[in-house]
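Examining the three-dimensional arrangement
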Amino acid sequence: MLPLELRDVCYAANGKVILDRLTVRIDAGPRTMILGPNGAGKSVLMRVCHGLLRPTSGALRWCSSSGARRQAMVFQRPVMLRRTAIANVIYGLELSGFSRRESALRAHDVLEAVGLETAAHQPARKLSGGEQQRLALARAWALGPEVLFLDEPTANLDPRSTRDVESIITAIHATGTKIVMTTHNLGQARRLGDEILFMSEGRLVERASVDVFFREPASAEAKAFIKSELPWQ
Amino acid sequence: MNDVGRAFAEAFGMIGRLDAQLVDIVALSVQVSLTAVVVAALIGLPLGAALAVERFPGRQPLIVFLNALMGLPPVVVGLLVYLLLSRAGPLGDLGILFTPAAMIVAQAVLVTPIIAALSRQTLEDTWTEYEEQLRSLGASRASAALTLLWDSRFSLVTIVLAGFGRAAAEVGAVMIVGGNIEGVTRVMTTAIALETSKGDLPLALGLGLILIALVIALNAVASVIKELAVKRYG
């Protein structure tokens, strides 16, 4: 279904322009990190791509609109249903049309892959924040998405849980899923990213490989952003 | 011993030996109100869920209207159902006026808005939390509504029990459409009203005590369920 093309996409809410004539093409393959200061429109861009928000104007086109929605999203705060961990994964699978039996099998496998097999039958909301985020990743991964959107998936986590989540994201990418992610953690962007989309005030300001972006950012905004996030450099 | 003391003693005596008249009245009360609440829940819960997840023009006024219906005076409901079911009324052919069926209809009319309005509020709070995630997973509005109902089931039990309490405790509606006929449509509240005016305080008191106990028990059950659910599912 990739590449995904956005042409002149605008999004406005309550009279405030959040995405401003944004044109971008997201290709299969490289892990894309979306960076930018607060209010740049990163989260909104991902929600527009994922289909949760409808652009106010402009066009959004997937290469193939092959019936099934082969995409998933993980949010900053994981939303867990009031049921067991494995039931949360099965819920997503059954909504995507997997049979009850196959859902159970896949759910079991994916919980093992994120290291939650022992917590499978615990109530999801009783898990720790880090475990809940791993469960959210498992729920998305189980669907076998072609694209996975992640909105600051480690923003609320401690360093240990952050490492766990990062290694799961790496594993998901290794199975052939395109990663599109926002983060405020520049170290994380460097570790997990192949390319950077840098946004400011609803516009795409700069696009570069991770190396190039951090070594010599082209735009003044990106220079200022990196400097403000890493003042000791 | 004074009159009140004697009445209390006799009332406890009636409860203690399971006085036949008392038991019949309590049984009919519970049967009528329970049936009414089941009917009200079958209508009110899906209505509440639909209002929680759907967005359409006129939704807000509808919610205000529904909330207002929670305060419907039982006697007015009784009057409307009476008009509906009376011989000359549009549903007069059913011939159920002055039967327990009419009382069930009246109480269901009274309780449905309560269950719908309260469940709408609860389910909408859950929807606020779940919406993006469920839409991301590809849930349709209908399956999202079912998910909300299931995930909020323990809060909904509390709401349904509140509805039962309201039904069992009201007197105006069942009095009008039931007629308070002894052995046929006499329930706890209508019996209390009648026996008190007749001066038969022990029976009235006995029924009153049972009614209060019932309401307390329902609230206890509701709070225990809620607490267990929070402990178990967070």
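The sections below set out a description of the structure shown in this document.

Criteria and thresholds
Residues numbered from 1 in each chain as written. Chains lettered and ligands numbered in written order. Predicted model: local features only at pLDDT ≥ 70, side-chain atom pairs only at ≥ 80, totals over all residues. Heavy atoms only, no water. Phe/Tyr/Trp six-rings, centres within 6.5 Å; stacked < 30°, edge-to-face > 60°. Helix = DSSP H or I, 4+ residues; strand = E, 2+ residues; numbered from the N terminus. Buried < 20%, exposed > 50% of the residue type's maximum accessible area, 1.4 Å probe, protein only. Lys NZ or Arg CZ within 6 Å of the ring centre and 35° of its normal. Pairing = 2+ DSSP bridges. Axes fitted to C-alpha atoms, helices over the stretch in contact; angles between N-to-C directions. Core = buried A, V, L, I, M, F, W, Y, C linked by side-chain atoms within 4.5 Å. Contact = heavy atoms within 4.5 Å. Buried area = accessible area lost by both parts, 1.4 Å probe. Salt bridge = Lys/Arg side-chain N within 4 Å of Asp/Glu carboxyl O. Polar contact = N/O pair within 3.5 Å; in protein donor to acceptor, adjacent residues only side chain to side chain. Nonpolar A, V, L, I, M, F, W, Y, C, P; charged D, E, K, R; others polar.

Quick look at the packing of aromatic side chains
Per the stated rule, a full pass over the model turns up 6 aromatic pairs over all chains. Taking the centre distance of 5.2 Å and the plane angle of 50° together, the rings of Phe198(A) and Phe225(A) count as tilted. You can see Phe198(A) sitting in strand β8 (residues 195-200) and its partner Phe225(A) sitting in helix α8 (residues 220-229), a full 27 residues away along the chain. For Phe198(A), a relative accessible area of 1% gives the class buried. By relative accessible area, which is 5% here, Phe225(A) ends up buried. Site record: aromatic cluster; members linked through ring pairs are Phe198(A), Phe213(A), Phe214(A) and Phe225(A). The side chain of Arg153(B) reaches across the aromatic face of Trp150(B), ending 3.9 Å from its centre. The aromatic ring of Tyr233(B) is capped on one face by Arg153(B), whose charged end is 5.2 Å from the ring centroid.

A closer look at the sheet that holds strand β3 (residues 32-35) of chain A
Two strands in a sheet stick together by hydrogen bonds in their backbones, pointing the same way (parallel) or opposite ways (antiparallel). Residues and elements named next belong to chain A. Ordered in space as β5-β6-β7-β3-β8-β9, the 6 strands form an open sheet in which the pairing is mixed. Of all strands in the sheet, those bounded by a partner on one side alone are β5 (71-74) and β9 (203-209). On average, adjacent strands in this sheet sit at an angle of 15° to one another, irrespective of strand direction. Bridge count for β3 against strand β7 (residues 178-182) is 3 bridges, and the pairing is parallel. When the bridges of β7 are listed, Ile-34 appears paired with Thr-182.

With respect to the nonpolar core
The tendency in soluble globular proteins is for nonpolar side chains to be buried as a group. Ranked by internal contacts, the top residues of the largest apolar core, which has 98 residues, are Leu35(A), Leu135(A), Leu137(A), Leu148(A), Ile196(A), Phe213(A) and Phe214(A). Every residue in contact with Ile196(A), bar those within four places of it in the chain, is listed here: Met33(A), Leu35(A), Ala189(A), Glu206(A), Arg207(A), Ala208(A), Val210(A), Phe213(A) and Phe214(A).

A short note on the interface of chain A and chain B
By convention, interface size is frequently given as the accessible area that disappears when the constituent parts associate. Contacts between chain A and chain B engage 20 residues on the former and 22 residues on the latter. In this assembly, chain A packs against chain B so that about 2000 Å² is buried in total across both faces, 48% of it on carbon and sulfur atoms. When the buried area of chain A at its contact with chain B is split by residue, Leu52(A), Arg82(A) and Leu95(A) rank highest and sum to 30% of it. Counting every contact that joins chain A to chain B gives 3 salt bridges. Among the salt bridges present, the one from Arg83(A) reaches Asp151(B), with a minimum N-O distance of 2.5 Å. Inspection of the region where chain A meets chain B yields 12 residue pairs in polar contact (both at pLDDT 80 or more). For the side of chain A that touches chain B, the elements supplying multiple residues, two or more each, are α1 (42-50) and α2 (85-95) of chain A. The greatest single-element share of the side of chain A that touches chain B, amounting to 3 residues, is contributed by α2(A). In terms of residue class, the side of chain A that touches chain B is built from 10 nonpolar, 3 polar and 7 charged.

Such coordinate-based values are descriptive only and should not be taken to indicate function.
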